[in-house]
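Here is how the chains run, residue by residue.
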Amino acid sequence: MALKELHEAGAWRWPISRRRELANWLPNLAATSIQSNTGKGARGAADWLPVPPYRCRYAAQRAATWVSWEGLTPPPKERDALKLIFERCPSTEIRQRDP
């Protein structure tokens, strides 16, 4: 997820050490092409999705970030978009961060 999204979702209230930990949390990082990264920018699941083979995994990574980091509040349109994606990906597993 883009750091801008996380900042707007509540990470701005956190100490810099916690923001750094989130920024470097491996499940939130993904190797992508320059074109894909530029195309996505700071948009969430409601405004941008990867090509179909990667959508379920993308949604699972986003959901894992939202549920693993207390104090983040996803925008309603993000929650709605993820819900629709998961309806099409019923066996997708969301892995939470270890405390």
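Anything mentioned here points back to the structure above.
Described in the following lines is the structure provided in the data block. Here the structure is a predicted model, which is why all the values come from computation and not from measurement. (Residues numbered from 1 in each chain as written. Predicted model: local features only at pLDDT ≥ 70, side-chain atom pairs only at ≥ 80, totals over all residues. Heavy atoms only, no water.)

1. What to know about the state of the cysteines
Step number 1: According to the stated counting rule, one finds one disulfide in the structure shown.
Step number 2: Sulfur-sulfur distance for the disulfide between Cys-56 and Cys-89 comes to 1.8 Å. Handedness here is read from the sign of the S-S torsion; for Cys-56 and Cys-89, about -70°, the answer is left-handed. Taken together, the residues Cys-56 in helix H4 (residues 55-68) and Cys-89 in the segment after helix H5 (76-88) connect sequence positions 33 residues apart.
Step number 3: What makes Cys-89 buried here is its relative accessible area of 7%. (Disulfide = S-S within 2.5 Å. Helix = DSSP H or I, 4+ residues; strand = E, 2+ residues; numbered from the N terminus. Buried < 20%, exposed > 50% of the residue type's maximum accessible area, 1.4 Å probe, protein only.)

2. Comments concerning the pattern of salt bridges
A side chain of one charge can pair with a side chain of the opposite charge when the charged atoms of the two come close.
Step number 1: Going through the model one piece at a time under the given rule, you end up with five salt bridges.
Step number 2: Ionic pairing is found between Lys-4 and Glu-8, a salt bridge with its closest N-O pair at 3.6 Å. Here Lys-4 and its partner Glu-8 are both found in helix H1 (residues 3-8), four residues apart, which amounts to about one turn of the helix. Here Lys-4 matches Glu-8 in class, with each residue exposed. (Salt bridge = Lys/Arg side-chain N within 4 Å of Asp/Glu carboxyl O.)

3. Examining the environment of Ala-63
Step number 1: Within the secondary structure layout, Ala-63 lies in helix H4.
Step number 2: Accessibility expressed as a relative area gives 8% for Ala-63, which makes it buried.
Step number 3: A sequence separation of 16 residues divides Ala-63 from Arg-79, and the C-alpha atoms of the two residues are 8.7 Å apart.
Step number 4: Apart from the residues lying within four places of it in its own chain, the contact partners of Ala-63 are Leu-82, Phe-86 and Ile-94. (Contact = heavy atoms within 4.5 Å.)

4. With respect to the packing of aromatic side chains
Step number 1: Counting across every chain of the model gives three aromatic pairs.
Step number 2: Pairwise contacts between aromatic rings join Trp-14, Trp-25 and Trp-69 into one cluster.
Step number 3: Over the ring of Trp-14 we find Arg-18, and its NZ or CZ is 3.8 Å from the ring centre. (Phe/Tyr/Trp six-rings, centres within 6.5 Å; stacked < 30°, edge-to-face > 60°. Lys NZ or Arg CZ within 6 Å of the ring centre and 35° of its normal.)

5. Topic: the environment of Tyr-58
Step number 1: Note that Tyr-58 resides in helix H4.
Step number 2: Remark: the alpha-carbon pair of Tyr-58 and Thr-32, spanning 26 residues in sequence, is separated by 12 Å.
Step number 3: Residue contacts for Tyr-58: discarding those within four places in its chain leaves Lys-40, Arg-43, Gly-44, Ala-45, Trp-48, Leu-49 and Pro-50.

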